[in-house]
Amino acid sequence: MRFSFARWRATAAPWALLRTFVIFVYAFSLGPILITAAVSFNGSNRSFFPPRGFSFRWWERALAPEWLDPLLFSLKLGALAAVASTLLALPLAFALHRYRFRGQQALLALTLGPLMMPTLVTGVGLLQLFQSLGWREYLGFTGLLIGHVVICMPFAVRTVSVSLHTVPPNVELAAASLGATGFATLRHVVFPLIKTGVIAGAVFAFIHSFTDVNLSIFLARPGQTPVTVKILGFLEFGFAPTLAAVSVITLLLPLVLVAVVERISGLGDFIYGEGRRG
Amino acid sequence: MSEPHLGPQATRPWILIIVPAAVLLAFFVLPNALLLSASFLKSEAQQLTSQPTLDNYRFLFTRPLYVELFIRTFAVGVSVATLDVLLGYPLAYFLVRTRSRWKGLLIALSLAPLLASVVVRTYGWYIILNRFGFANDVLLGLGMIDERIAFMPSTGAIIVGLAHALLPYAVLTIMGSVNGINPHFESAAMSLGANRTRTFLHVVLPLSVPGIAGAFLIVFSIAISAYATPAILGGPATQVAATAIYNFIIQLLDWSLGAALAVILIVASLLLLYAAGRLGARRAA
């Protein structure tokens with residue numbers, strides 16, 4: 001008897017049940033985000049859902065300097081953290097991939113450390129370091145940038161490592177045997193092959209920085225606050241629909257970024273490839 | 001590959017490593033070492049002294065308030081991890097096995113919440129759960145309740161919010177594991193006469209145990225150190241480890257107790273992740 005998995009799936013009642021359950025899970029997962037988006041168009045002063053009336057005034061307020069400034073602050077912080085952590089991750093990932101040396105396991109553990117450690121704890125530690133060194137004036141942008149580079153680095157290192165594994169080992173030997181120097185090989189042979197991975201790493205790093213709260217609550221200071229921390233602060237007082245509009249903007253920015261990069265360099269395969277690693 | 005570079009070039013990795021390693025040592029290892037040392041020092045008048053002591057840990061492990069805090073944090077972690085495995089497993093299985101034309105889009109949609117900050121994702125739950133929120137409106141409208149209920153602040157609200165925020169991690173981890181199960185195993189079991197339920201229970205489920213356990217432990221470890229969701233959906237009566245650390249450090253300026261609590265959290269997280277890693281290693285073997 002020939003068994004067809006496709007036919008089993010199409011006819012089986014359990015599969016229909018599974019589909020129903022999956023629809024429920026999607027509703028659970030996306031519902032609150034869609035509700036937030038709907039609330040931002042409220043005509044009312046409160047965050048009613050379903051929205052009562054319709055207006056754009058919360059969006060106008062969300063784009064006023066009070067919220068635009070922290071938003072731009074987060075963008076600047078995320079962009080710099082992404083570039084810096086990727087630049088640091090490149091040589092690190094390359095060395096870990098290419099050479100065998102003493103202390104390599106320790107270095108690998110050190111590299112992935114910020115991913116394993118609760119981010120909140122890294123934030124507390126950095127705050128303590130800054131205070132004990134008398135660097136209080138560096139809290140705010142500088143402190144946040146240092147912290148974000150540290151917590152974003154593992155993402156960049158991991159993504160670059162994954163793409164280094166896809167480079168056939170012989171291409172470097174081929175380049176060398178044709179007379180290319182070590183640096184020329186890297187620049188003209190290896191780097192073009194891992195470019196997508198490097199961009200993906202930078203995008204992951206940016207998103208990790210842009211959405212972070214746990215580290216930033218310890219290192220921010222008034223006037224130099226990422227937008228997530230500012231939203232969190234406001235959530236304690238009131239829930240005007242302005243926050244809903246700001247929230248939607250902070251969701252859309254990474255979404256647009258991922259969509260654009262995906263168009264240019266096929267990021268999607270990369271995310272799925274990461275997913276397969278678990 | 002490494003052979004051609006032994007010899008005169010063996011110093012080369014160090015040139016590549018030195019700057020990133022220095023950054024990590026200065027801004028990751030050193031702060032954590034400081035924190036560890038602070039947890040064994042006495043605080044007086046909101047200042048760390050240099051007197052070594054174990055009192056911080058003794059205090060946290062004996063005061064009913066903090067014992068309760070550990071139990072609550074642990075319970076939140078277990079509940080969130082259980083919920084996410086129960087919700088994430090069917091979704092992950094579906095995403096791996098579906099032949100839908102929309103497969104790519106469906107996978108993207110299931111991971112899209114990761115692009116939003118936890119603050120943003122939790123805000124939606126505030127709109128639903130607050131006293132004048134959507135859930136109350138619906139229940140009142142259906143006549144199931146007579147007066148408005150405070151769904152939040154509560155531990156239950158924290159659990160729902162965190163389960164929502166961390167679901168993509170469970171889905172990603174389980175998808176990785178289900179992806180490794182050969183669909184022919186299922187066909188084989190069924191052609192040998194097992195029905196669908198038996199096939200799932202005796203073939204698919206046992207093979208995905210490492211993925212389930214990995215997802216459980218990873219979600220658990222993130223949940224016990226989450227700050228934003230408990231801060232928004234919880235209150236003073238439903239403190240968890242992360243919100244308590246924030247209060248110690250920022251409000252009470254008690255570095256000793258804050259550091260001790262942070263160290264306890266680190267140890268718990270690392271143990272969970274170590275266990276998850278061991279399971280992964282066994283799967284690979």
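(A) The arrangement of the overall build of chain B in detail. Check the secondary structure of chain B and you find 13 helices and two strands. Taken over C-alpha atoms, the radius of gyration comes to 24 Å for chain B, far larger than the 19 Å a tight globule of 285 residues would show. In terms of its C-alpha atoms, chain B occupies a principal-axis envelope of roughly 80 × 70 × 30 Å. When burial is assessed residue by residue, chain B has 47% of its 285 residues classed as buried.

(B) The overall build of chain A, seen in detail. Counting its secondary structure elements, chain A contains 13 helices and zero strands. Along chain A, helices and strands appear, N-terminal first, in the series α-α-α-α-α-α-α-α-α-α-α-α-α. Here chain A holds 278 residues, and the buried ones make up 42% of them. Of the contacts made within chain A by residues no fewer than 6 positions apart, 73% connect residues no fewer than 24 positions apart.

(C) Structural detail: the domain arrangement of chain A. Residue and element names in this part refer to chain A. Here chain A is described as being made up of domain 1 (5-39) and domain 2 (65-277). Between domain 1 and domain 2, the C-alpha centre-to-centre distance is 32 Å. Between domain 1 and domain 2, the contact holds four residues from the first and five residues from the second. Looking at side-chain class alone, the side of domain 1 that touches domain 2 contains three nonpolar, one polar and no charged residues.

(D) Representation of the interface of chain A and chain B in the model. Of the residues lining the interface, 78 residues belong to chain A; the matching set on chain B comes to 78 residues. For the side of chain A that touches chain B, the element with the most residues is helix H2 (residues 13-39) of chain A, which contributes 14 residues. Class assignment of the residues belonging to the side of chain A that touches chain B gives a composition of 57 nonpolar, 17 polar and four charged.

(E) Summary view of the confidence of the model for chain A. Residue and element names in this part refer to chain A. Predicted confidence across chain A gives a mean pLDDT of 85, with 90% of residues reaching 70 or more. Across chain A, the element-wise mean pLDDT spans from 48 in helix H13 (residues 267-277) up to 95 in helix H10 (residues 216-219). The model gives residues 272-278 a pLDDT under 50, and that stretch makes 14 contacts with residues more than four places away or in other chains.

(F) Region of the structure containing the packing of H2 of chain A against helix H3 (residues 64-97) of chain B. Closest axis-to-axis distance for the H2 of chain A/H3 of chain B pair is 9 Å, and the angle between their directions is 115°. In this structure, H2 of chain A crosses over H3 of chain B, and the sense of that crossing is left-handed. Taking contact as the criterion, the partners of Leu18, Phe21, Val22, Val25 and Phe28 of chain A in H2 of chain A are, on H3 of chain B, Leu87, Pro90, Leu91 and Phe94 of chain B. Broken down by class, the residue content of the contact of H2 of chain A with H3 of chain B amounts to nine nonpolar, no polar and no charged.

(G) How the structure looks around the environment of Thr211 of chain A. Of note, Thr211 of chain A is situated in helix H9 (residues 182-211). For the pair formed by Thr211 of chain A and Ile23 of chain A, sequence separation is 188 residues and the distance between their alpha carbons is 27 Å. If we skip the residues at most four places from it in the chain, Thr211 of chain A touches Thr228 of chain A together with Ala116 and Ser117 of chain B.

(H) Layout of the nonpolar core. Core analysis: the largest hydrophobic core is formed by 159 residues, its most contacted members being Val219, Ala223 and Ile245 of chain B. In terms of residues, this core owes the most to one element, helix H4 (residues 65-98) of chain A, which gives 15 residues. Three or more residues apiece are contributed to this core by two domains, here domain 1 (5-39) and domain 2 (65-277) of chain A. Excluding its chain neighbours within four sequence positions, the residues that come into contact with Val219 of chain B are Val80, Ala81, Asp84, Leu166, Tyr169 and Ala170 of chain B.

(I) Highlighting the environment of Val227 of chain A. Residue and element names in this part refer to chain A. Structurally, Val227 is set in helix H11 (residues 227-235). Residue classification places Val227 among the buried residues on the basis of 28 C-beta atoms within 10 Å. Taking the C-alpha atoms as reference, Val227 lies 8.7 Å from Leu68; in sequence the two are 159 residues apart. When sequence neighbours within four positions are dropped, the list of residues in contact with Val227 reads Pro70, Leu71, Ser74, Val246 and Thr250.

(J) Representation of the pairing of strand E1 (residues 41-44) of chain B in the model. Residues and elements named next belong to chain B. Two strands pair when backbone bridges link them, and E1 and strand E2 (residues 47-52) are joined in this way by three bridges, in the antiparallel orientation. For Leu41, the partnering residue across the bridge sits in E2 and is Pro52. Following E1, the chain reverses through two residues before pairing antiparallel with E2; Ala45 in that reversal takes a positive phi of roughly 50°.

(K) Summary view of the confidence of the model for chain B. All names here are of chain B. Averaged over all residues, the pLDDT of chain B is 87; the fraction at 70 or higher stands at 94%. Contacts of residues 1-8 to residues separated by more than four positions or lying in other chains number eight contacts, the stretch itself having pLDDT below 50. Here the prediction assigns the complex a pTM of 0.87, and the interface score ipTM is 0.86.

(L) Structural detail: unusual backbone geometry. Residue and element names in this part refer to chain B. A cis amide bond links Met152 to the next residue, Pro153, at an omega of 5°. With respect to the helices and strands, the residue Pro153 is situated in the loop between helix H6 (134-141) and helix H7 (155-179). One non-glycine residue, Leu253, lies in the positive phi region at around 50°. With respect to the helices and strands, Leu253 occurs in the loop between helix H12 (241-251) and helix H13 (255-284).

(M) Main features of H7 of chain B. All names here are of chain B. Helix length check: H7 (25 residues) gives 35 Å between terminal C-alpha atoms against 36 Å at 1.5 Å per residue, within 8%. Considering bend angle alone, the principal kink of H7 is centred on Leu166 and spans about 45°; proline Pro168 follows within four residues of it. Among the 25 residues of H7, 20 are classified as buried, and the element is accordingly described as predominantly covered.

(N) Main features of the environment of Leu83 of chain B. Residue and element names in this part refer to chain B. Position of Leu83 relative to the elements: it lies in helix H3. Among the residues examined, Leu83 registers 20 C-beta atoms within 10 Å and is labelled buried. Separated by 81 residues in the primary sequence, Leu83 and His164 place their C-alpha atoms 9.2 Å from one another.

(O) Summary view of the packing of helix H5 (residues 104-116) of chain A against helix H7 (residues 141-164) of chain A. All names here are of chain A. Relative to each other, H5 and H7 sit at 115°, their axes nearing to 8 Å. Along this stretch, H5 crosses H7, giving a crossing that reads as left-handed. In contact with Thr111, Leu112, Pro114 and Leu115 of H5, H7 contributes Val150, Ile151, Met153, Pro154 and Val157. When its residues are assigned to classes, the contact of H5 with H7 shows eight nonpolar, one polar and no charged.

Quick notes on the rules
- Residues numbered from 1 in each chain as written.
- Chains lettered and ligands numbered in written order.
- Predicted model: local features only at pLDDT ≥ 70, side-chain atom pairs only at ≥ 80, totals over all residues.
- Helix = DSSP H or I, 4+ residues; strand = E, 2+ residues; numbered from the N terminus.
- Rg over C-alpha atoms; globule rule 2.2 N^0.38 Å.
- Buried ≥ 20, exposed ≤ 12 C-beta atoms within 10 Å, placed from the backbone.
- Contact = placed C-beta atoms within 7 Å.
- Domains from an automatic or database assignment.
- Nonpolar A, V, L, I, M, F, W, Y, C, P; charged D, E, K, R; others polar.
- pLDDT = per-residue confidence, 0-100.
- Axes fitted to C-alpha atoms, helices over the stretch in contact; angles between N-to-C directions.
- Left-handed = near helix turned anticlockwise from the far one by under 90°.
- Core = buried A, V, L, I, M, F, W, Y, C linked by C-beta atoms within 7 Å.
- Pairing = 2+ DSSP bridges.
- Expected span 1.5 Å × (residues − 1).
- Bend = angle between axes of the 7 residues up to and from the residue.

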